[in-house]
2 protein chains.
Amino acid sequence: MECLARLPGVGAKTSERFAYHLLRAPEAEALDLAHAIRAARERTKVCSECCNLDEVDPCAICADPARDRGLLLVVEDPRDIASFEGAGHRGLYHVLQGRVSSVEGIAPEDLTVAALVARVRRTQPREVCLATNPDLEGEGTAQWIGARLRELGVTVTRLARGMPAGANIHQVSTSILADAMAGRRPLP
Amino acid sequence: MECLARLPGVGAKTSERFAYHLLRAPEAEALDLAHAIRAARERTKVCSECCNLDEVDPCAICADPARDRGLLLVVEDPRDIASFEGAGHRGLYHVLQGRVSSVEGIAPEDLTVAALVARVRRTQPREVCLATNPDLEGEGTAQWIGARLRELGVTVTRLARGMPAGANIHQVSTSILADAMAGRRPLP
């Protein structure tokens, strides 16, 4: 129960429910979970190129010759990669493994920025898009990294901010509308 | 009850509750509502310049000499104006009074597009921003109007689409991420 209660969002009650389930379920089910946890930890590697998590190094994306090597999307978290893959990104990634946060005590040095700078210097991509989240900490992280990358002469971009597709003007916040007005573009 | 049940979102049960409330409340409260409805209908005018609703014609915004007359924001609905005022728009507006919708049987001729075209020809603004909603019908409406306005040689723009401020990459839809990637901009 103590171990289970350390999972995110799991408290005393839920860990108790999990523990009794694991005791009463068929033995194979419980041992499968134990095995999967051990195997996942043993097999998962950090890609030495992009800092993504995978079972191989370099990761499957970095190793794929069909990807556009000129466009790097810099994301906070390995989970963001699945989102951008679904949205059709065909370039490469760089995983920061977090974001600068004074609240959580995360400094720029705790992220993989040094690896990113070394990689940009070595591979000379035509564009680095900083795809951190559109909030205060994500924006601050993007500004900090952008300042370092610009010294290398690479084009640095940011994801578009504006109206979310499918939204209604009545329902979105003032800051979303302000972004949408500031970023207005020629009608295609 | 029949009259009250025609209000949007009010069904049989709610209209019954409203009706009994109006019968049992102090007489002044009931008569105030009756009077306010009548007064609002009698006094509200459609602005002959921008088709907004107001008690004066031209409306308070069109009559304000401090507004930037070179920038027209074209909105679907008078209620959108309050949103954009809150977000800091200091130009003028044009209210379409709806959107092209095959489902609801609304054709371009049912909107105030002819008045918009005449106004643009007459006042020659430097930019018309089509601020219809970022969904299928709003997009279609913008394309239809944009084609007519471009013949007049005016710059036609659209609100930015992208990540809503404060959102999280894990939680937004694929189409929002695709917009955010397509519209990415130089880091400011």
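The residue count restarts for each chain, going from 1 along the sequence in the order it is written. The naming scheme follows written order: chains are lettered A onward, ligands numbered 1 onward. With the structure being a predicted model, the display of local features is reserved for residues of pLDDT at least 70 and the display and counting of side-chain atom pairs for 80 or more, all residues being used for whole-chain, interface and lining totals. Excluded from the side-chain calculation are hydrogens and water; included are all heavy atoms of the structure.

Caption draft 1: Main features of the packing of aromatic side chains. Aromatic rings from Phe, Tyr and Trp, with only the six-membered ring used for Trp, were paired whenever their centres fell within 6.5 Å, and each pair was classed as stacked if the ring planes differed by under 30 degrees, edge-to-face if by over 60, and tilted otherwise. What the rule picks out here adds up to zero aromatic pairs over all chains. Seen from the ring of W144 of chain A, R148 of chain A lies directly overhead, with NZ or CZ sitting 3.8 Å from the centre. To sit over a ring, a charge needs its Lys NZ or Arg CZ within 6 Å of the ring centre and within 35 degrees of the ring normal.

Caption draft 2: Up close: the interface of chain A and chain B. Residue contacts are counted whenever heavy atoms from the two residues lie within 4.5 Å of one another. Facing 53 residues of chain A, the contacting portion of chain B comprises 53 residues. Buried area is a sum: the accessible area each of two parts loses on coming together, probed at 1.4 Å, counted once for each and added. The contact between chain A and chain B buries some 4,400 Å² in all, and 61% of this surface belongs to carbon and sulfur atoms. It is I169, R184 and L187 of chain A in chain A that bury the most area against chain B; as a group they hold 17% of the surface buried on that side. What makes a salt bridge here is a side-chain nitrogen of Lys or Arg within 4 Å of a carboxyl oxygen of Asp or Glu, nothing more. Summed over the shared surface of chain A and chain B, the result is two salt bridges. Put simply, E127 of chain A and R184 of chain B hold a salt bridge, and the shortest N to O gap is 2.3 Å. Pairs of N or O atoms within 3.5 Å make up the polar contacts considered here, provided that, within protein, one atom can donate a hydrogen while the other can accept it, and that residues adjacent in sequence are counted only when both atoms are side-chain atoms. The interface formed by chain A and chain B contains 20 residue pairs in polar contact (both at pLDDT 80 or more). The helix and strand labels rest on DSSP assignments: H or I over at least four residues marks a helix, E over at least two residues marks a strand, and numbering proceeds from the N terminus. Counting residues per element, the ones that place at least two in the side of chain A that touches chain B are β3 (68-75), α4 (78-86), β5 (127-130), α6 (136-150), β6 (155-158), α7 (174-182) and β7 (185-186) of chain A. For the side of chain A that touches chain B, the leading source of residues is α7 of chain A, giving nine residues.

Caption draft 3: Examining the relation of the copies chain A and chain B more closely. For this overlay, a least-squares fit was computed on C-alpha atoms, restricted to residues scoring pLDDT of at least 70 in both copies. For the match of chain A to chain B, the screw axis carries a shift of 0.0 Å, the RMSD comes to 0.1 Å, and the turn is 180°. Between the two chains, the operation in question is that of a two-fold axis. By C-alpha distance to the rotation axis, the residue of chain A lying nearest is G162 of chain A, at 2.2 Å. When the interface residues of chain A are mapped onto chain B, 100% of them again fall at the interface, so both copies present the same face.

Caption draft 4: The side chain of D80 of chain A, seen in detail. By the secondary structure assignment, D80 of chain A is in helix α4. Buried within the structure, D80 of chain A lacks any salt-bridge partner; its nearest side chain of opposite charge belongs to R79 of chain A, at an N-O separation of 6.1 Å. Engagement of the side chain of D80 of chain A in a polar contact is seen with the side chain of H170 of chain B, the distance being 3.2 Å. Aside from chain neighbours lying at most four places away, what touches D80 of chain A is V75 of chain A together with I169 and H170 of chain B. Any residue under 20% of the maximum accessible area for its type is buried, any over 50% is exposed, and the rest in between are partly exposed; the area is computed with a 1.4 Å probe on protein chains only. The charged-residue count follows a simple rule in which Lys and Arg add positive charge and Asp and Glu add negative charge, with His and chain termini not counted at all.

Caption draft 5: Inspection of α4 of chain A at higher detail. Residue and element names in this part refer to chain A. Listed in full, the buried residues belonging to α4 are D80, I81, S83 and F84. For α4, the angular spread of buried residues about the axis comes to 165°, placing them on one side. Counted as exposed and oriented over 90 degrees from the buried face of α4: R79, A82 and G86. Just past α4, the residue G88 takes up positive phi, approximately 100°. By construction, the arc corresponds to the directions joining the helix axis to the C-beta atoms.

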